[in-house]
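# Structural overview
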Amino acid sequence: ILRGDFVAILGPSGAGKTTLIDIISGRLPIRSGTINVNERLIEQIEFNEITSYMSQAPFVFSGTVEENICLTNNRGLINQHLFKKALALANIDFLGKGDEQLKKILNEDGSNFSSGQIQRICLARAVYFRKQILIIDEGTSKLDQKNRDEIYSALLALTRIGVTILMVTHDTGVLEYCNRTIDLA
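Here we summarise the structure given alongside this text. (Residues numbered from 1 in each chain as written. Predicted model: local features only at pLDDT ≥ 70, side-chain atom pairs only at ≥ 80, totals over all residues. Heavy atoms only, no water.)

### Digging into the environment of Leu102
In plain terms, the rule: Strands are runs of DSSP state E lasting at least 2 residues, helices are runs of H or I lasting at least 4, and numbering of each runs from the N terminus. Only heavy atoms matter for contacts: two residues are in contact if any of them lie within 4.5 Å across the pair.
Within the secondary structure layout, Leu102 lies in helix 5 (residues 99–102). Put simply, Leu102 and Ile92 are 10 residues apart on the chain and 9.8 Å apart in space, counted from C-alpha to C-alpha. Not counting chain neighbours up to four residues away, the residues in contact with Leu102 comprise Thr64, Val65, Glu66, Phe83, Leu87 and Leu95.

Below, the structure written as structure tokens:
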């Protein structure tokens, strides 16, 4: 997988798609073999420095939308440029306009937002931290086709600035945006 690739990882349930990306992201230990990034062996401890991971069950906590995206409640620590880019790329328009919308509080379990909205918030979080590799496990599964296409276009834009996207998906619509596929069937 090369820098800036947009890779779809496909296959039937149980084929090992999530296990593969859990190993690549450092969430599971490597039993054999190695993972190299830019021709350099990556140690288990380094994965968080280079990857953003968005799981099938996106994590949110009780706090504002802004806090859930930037993982801080200190506005002075937020890079506003990256934050605005993340909002735009994740198409967080369901909140409306203005800072007050970003102050909306999520319940601990996110029950006051739709699952699609939570996926967008988590995608914005992954984008905000601008890691080299963005790993998404069924991260658009709860969005309608129009919104999925908008997210795929945004992800494609990230690849143009060198971010590598690995996406586990059952949605074959993503294939028109990807330059590579891995089929574990």
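### Quick look at the packing of helix 4 (residues 80–89) against helix 6 (residues 115–128)
In plain terms, the rule: Angles shown run from 0 to 180 degrees and are taken between the N-to-C directions of axes, each axis being a line fitted to C-alpha atoms and, for helices, limited to the stretch in contact. Angles are sorted into four bins: roughly parallel if under 35 degrees, roughly antiparallel if over 145, roughly perpendicular if 65 to 115, and oblique for all others. Crossings are assigned a handedness: left-handed for a near helix turned anticlockwise from the far helix by less than a right angle, right-handed for a clockwise turn. Residues are grouped as follows: Ala, Val, Leu, Ile, Met, Phe, Trp, Tyr, Cys and Pro are nonpolar; Asp, Glu, Lys and Arg are charged; every other residue, Gly included, is polar.
Running from N to C, helix 4 and helix 6 point in directions that differ by 140 degrees, and their axes come no closer than 8 Å. Taken together, helix 4 and helix 6 sit at an angle that is classed as oblique. Crossing of helix 4 against helix 6: the hand is right-handed. Contacts between helix 4 and helix 6 involve Leu82, Phe83, Ala86 and Leu89 from the first element and Ala124, Val127 and Tyr128 from the second. Its residues assigned to classes, the contact of helix 4 with helix 6 comprises 7 nonpolar, no polar and no charged.

### Brief notes about the pattern of salt bridges
Going by this rule: A pair is scored as a salt bridge if a Lys or Arg side-chain nitrogen falls within 4 Å of a carboxyl oxygen belonging to Asp or Glu. Each residue is placed in one exposure class: buried if its accessible area under a 1.4 Å probe, protein chains only, is under 20% of its type's maximum, exposed if it is over 50%, and partly exposed if it falls in between.
Scanning the entire structure with this criterion turns up 6 salt bridges. The salt bridge involving Glu66 is made with Arg75; its shortest N-O contact spans 2.9 Å. Given a relative accessible area of 3%, Glu66 falls into the buried group. We classify Arg75 as partly exposed; its relative accessible area is 35%. When the shortest N-O distance is used, the salt bridge between Lys103 and Glu66 registers 2.7 Å. Of this pair, Lys103 sits in the loop between helix 5 and strand 6 (105–106) while Glu66 sits in helix 3 (residues 65–70), and the two are 37 residues apart along the sequence. Where salt bridges share partners, they join Glu66, Arg75 and Lys103 into one cluster.

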